[in-house]
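Summary of structural features
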Amino acid sequence: MSKITGVMIQRVTHGIGVSRKGPSPKPYDFANLTFLIPATSFDMPECKITNWGFEAKEMPLKNDPIVLANIANCPKLQPITLLLEADPRNPAQNIVAGFELEGGAKQDDFGPLHKKP
């Protein structure tokens, strides 16, 4: 399992339904998340581009009810670490499978599914 540290969740999306775009209806069920990372600057001999702030990235999310519930309730716009695993449909690509709070707390340490006494 690999990690992406210091990201901030902007949006969690889960879509389920039937697409009527083509000649025959097709069911869909997808999950993804949009997160912010520090903006990247470039300093090369031929150009210099300086960026401040953040840039948005999107990544597939493991489409599992427990993962969806935990990620949907994770802190937004505060630094966390994304936990990644190989996408079973495309092992060359990663999907988000969980998160940790900065400082080491894992998703199982909080949230509506795992309330502490």
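Described in the following lines is the structure provided in the data block. Note that the coordinates shown come from a computational prediction; the quantities given were computed from them, not determined experimentally.

A closer look at the overall build of the protein chain
Each helix and strand counted, the protein chain has one helix and seven strands in total. Starting at the N terminus and ending at the C terminus, the protein chain contains elements arranged as β-β-β-β-β-α-β-β. Counting the 117 residues in the protein chain, one finds 26% classified as buried. In the form shown here, the protein chain has an accessible surface area of approximately 7800 Å², with 56% of it arising from carbon and sulfur atoms.

Describing the pairing of strand β1 (residues 2-19)
Of the pairings in the sheet, the one linking β1 to strand β6 (residues 80-87) comprises four bridges and is antiparallel in character. Following the sheet pairing, S2 is matched in β6 by L84. As paired elements, β1 and strand β2 (residues 26-38) share 11 bridges and run antiparallel to each other. By the bridge assignment for β2, G15 is matched with F30. Between β1 and β2, which pair antiparallel one after the other, the connecting turn spans six residues.

Considerations on a nonpolar patch on the surface
Together, F42, M44 and I49 line one region of the surface with nonpolar side chains, adding up to about 260 Å² of accessible area. With respect to the helices and strands, F42 occurs in strand β3 (residues 42-44).

Thoughts on helix α1 (residues 65-72)
When α1 is considered as a whole, its buried residues turn out to be V67, L68, N70 and I71. Measuring from the side-chain oxygen of the N-cap residue of α1 to the backbone nitrogen of I66 gives 3.0 Å; that N-cap residue is D64.

Side note on the pattern of salt bridges
A complete count under the given rule lists five salt bridges for this structure. With its nearest N and O atoms 4.0 Å apart, the salt bridge here joins E58 to R11. One end of the pair, E58, is in strand β5 (residues 54-60); the other, R11, is in strand β1, with 47 residues separating them in the sequence. Overall, the relative accessible area of 43% leaves R11 in the partly exposed class.

Definitions and cut-offs
Residues numbered from 1 in each chain as written. Predicted model: local features only at pLDDT ≥ 70, side-chain atom pairs only at ≥ 80, totals over all residues. Heavy atoms only, no water. Helix = DSSP H or I, 4+ residues; strand = E, 2+ residues; numbered from the N terminus. Buried < 20%, exposed > 50% of the residue type's maximum accessible area, 1.4 Å probe, protein only. Areas by Shrake-Rupley, 256 points an atom, 1.4 Å probe, with all protein chains shown as cover. Pairing = 2+ DSSP bridges. Patch = residues over 30% accessible without salt bridge, like charges linked within 9 Å, V, L, I, M, F, W, Y side chains within 5 Å. Salt bridge = Lys/Arg side-chain N within 4 Å of Asp/Glu carboxyl O. Polar contact = N/O pair within 3.5 Å; in protein donor to acceptor, adjacent residues only side chain to side chain.

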